Amino acid sequence: MVYDVIIIGGGPAGLSAGIYAKRAMMNALLIEKVGLGGQITKTHMLENYPGFPEVSGMELMEKMEEHAKKFDLEIKFADVRQIKDGGDVKTVVTSDGEFETRSVIVATGTRPKKLGVPGEDEFTGRGVSTCATCDGFFFTGKDVALVGGGDSAIVEAIFLTKMVNKVYVIHRRDELRAEKINQERAFKNPKIEFVWNSNLQSIEGTNTVEKVIVKNKLTDEITEIQVGGVFMYVGVEPGTDFVEADKDGNGFLITGPDLSTSVPGIFAAGDCRTTLLRQVATAVADGALAAVSAERYLAGIE
Ligand code: NAP
């Protein structure tokens, strides 16, 4: 059996592609590695997905999953290792078998980047986290550090103030790149203290995190901050290692206006491609466009 399209990734872009593919009567399979929903399920509250003024990432993705299942989207859980490009028919090689398809939509999103400082790996799960929504509760009443100045960092720093005593936001510049509305909220929040122009040097402790060592880039001054936990939000990297198509310097797939990659029949949607904006709204739009483009591609090769 040869699928019309295999969608790799079950976040907003993948589920949206699935809904559009099924409504176009395509024989579609979605393959997801861990669980449906993607990175956005780690976000406690979204305020910029139209139609949902306030919704948790988990709740929104449960609705998208339900929506895709309503159209009988076939879903399989496996780790995709390779796409063998046999021209009109491609083979998706997974941890649980090989599947043939005439087109592929890569919607694998991103994963959190590591900073690579001493203590980061050692204390992961013992005070170091990349998910405030999942782990914030464990730090109730404590002081924590958070590294980064992007949207994820600032949204999650604000969230953490609901339970922790204080959040030290350690940022390498003196300006944030997060949305202005969240910057304002963070600046007004008495529980957030910014540590500007500073790099995290190491995370230290015995069994769990006890302190972070920070270096000011302008003065070279080294400071110790006593914290019970560290949240890392230093950006993301795409899950595109297994895709042999043109990528930018950071591994994001380069796409044309129809979301085609450099390999005919392979499309990319959502955060895993080179794009100016990575939001749930843009990911679902990508999923729709990629499915329609795959449908047109199939019509062309028939
Ligand atoms: P991001 O926007 O790439 O921000 C990463 C942050 O980490 C930046 O402040 C960056 O500093 C800092 N950083 C990177 N490498 C570093 C290093 N080696 N040492 C110290 N700091 C470092 O990543 P993100 O916040 O995870 O967001 C990813 C994407 O999702 C973005 O497109 C974002 O807009 C989107 N997103 C949107 C929302 C929302 O709309 N509310 C929420 C979450 C995420 P510099 O600023 O100096 O580069």
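Note: the structure precedes this text.
Residues numbered from 1 in each chain as written. Predicted model: local features only at pLDDT ≥ 70, side-chain atom pairs only at ≥ 80, totals over all residues. Heavy atoms only, no water.

1. Things to note about unusual backbone geometry
- Despite not being glycine, M25 has its phi angle at roughly 60 degrees, a positive value.
- By the secondary structure assignment, M25 is in the loop between α1 (12-23) and β3 (28-32).
- Accessibility expressed as a relative area gives 73% for M25, which makes it exposed.
- You will see that L259, though not glycine, has its phi angle at about 70 degrees, which is positive.
- Within the secondary structure layout, L259 lies in the loop between β18 (236-238) and β19 (266-268).
- For L259, a relative accessible area of 2% gives the class buried. (Helix = DSSP H or I, 4+ residues; strand = E, 2+ residues; numbered from the N terminus. Buried < 20%, exposed > 50% of the residue type's maximum accessible area, 1.4 Å probe, protein only.)

2. Side note on the packing of helix α4 (residues 151-160) against helix α5 (residues 180-188)
- Where α4 contacts α5, the axes come no closer than 10 Å and their chain directions differ by 40 degrees. Taken together, α4 and α5 sit at an angle that is classed as oblique. Regarding α4 and α5, the two cross each other, and that crossing is left-handed. Contacts from I154, V155 and I158 in α4 reach N182, Q183, R185 and A186 in α5.
- Considered class by class, the residues forming the contact of α4 with α5 number 4 nonpolar, 2 polar and 1 charged. (Axes fitted to C-alpha atoms, helices over the stretch in contact; angles between N-to-C directions. Parallel < 35°, antiparallel > 145°, perpendicular 65-115°, else oblique. Left-handed = near helix turned anticlockwise from the far one by under 90°. Contact = heavy atoms within 4.5 Å. Nonpolar A, V, L, I, M, F, W, Y, C, P; charged D, E, K, R; others polar.)

3. As for the state of the cysteines
- Under the defined criterion, the tally for this structure stands at 1 disulfide.
- At a sulfur-sulfur separation of 2.0 Å, the disulfide partner of C131 is C134. Of note, the bridge from C131 to C134 carries an S-S torsion of about 75 degrees and is right-handed in sense. (Disulfide = S-S within 2.5 Å.)

4. Some thoughts on the site of the ligand
- Taken together, the neighbourhood of the ligand is formed by 18 residues, with G149, D151, R173, R177 and Q279 sitting nearest.
- Taking G149, its main chain carries an N or O atom lying 2.9 Å from an oxygen atom of the ligand.
- Here an oxygen atom of the ligand and a backbone polar atom of G150 are 3.2 Å apart.
- Starting from 910 Å² of accessible surface for the ligand in isolation, the protein chains cover 77%.
- Split by domain, the residues of the shell around the ligand number at least three in each of domain 1 (2-112 + 236-301) and domain 2 (128-232). (Near = heavy atom within 4 Å. Polar contact = N/O pair within 3.5 Å; in protein donor to acceptor, adjacent residues only side chain to side chain. Areas by Shrake-Rupley, 256 points an atom, 1.4 Å probe, with all protein chains shown as cover. Domains from an automatic or database assignment.)

5. Focus on the pattern of salt bridges
- Evaluated as defined, the whole model comprises 16 salt bridges.
- Salt-bridge contacts for D121 lead to K114; the nearest nitrogen and oxygen are separated by 2.8 Å.
- You can call D121 exposed: its relative accessible area is 53%.
- Its relative accessible area of 56% is what places K114 among the exposed residues. (Salt bridge = Lys/Arg side-chain N within 4 Å of Asp/Glu carboxyl O.)

Purely spatial values, then, with no claim about function.
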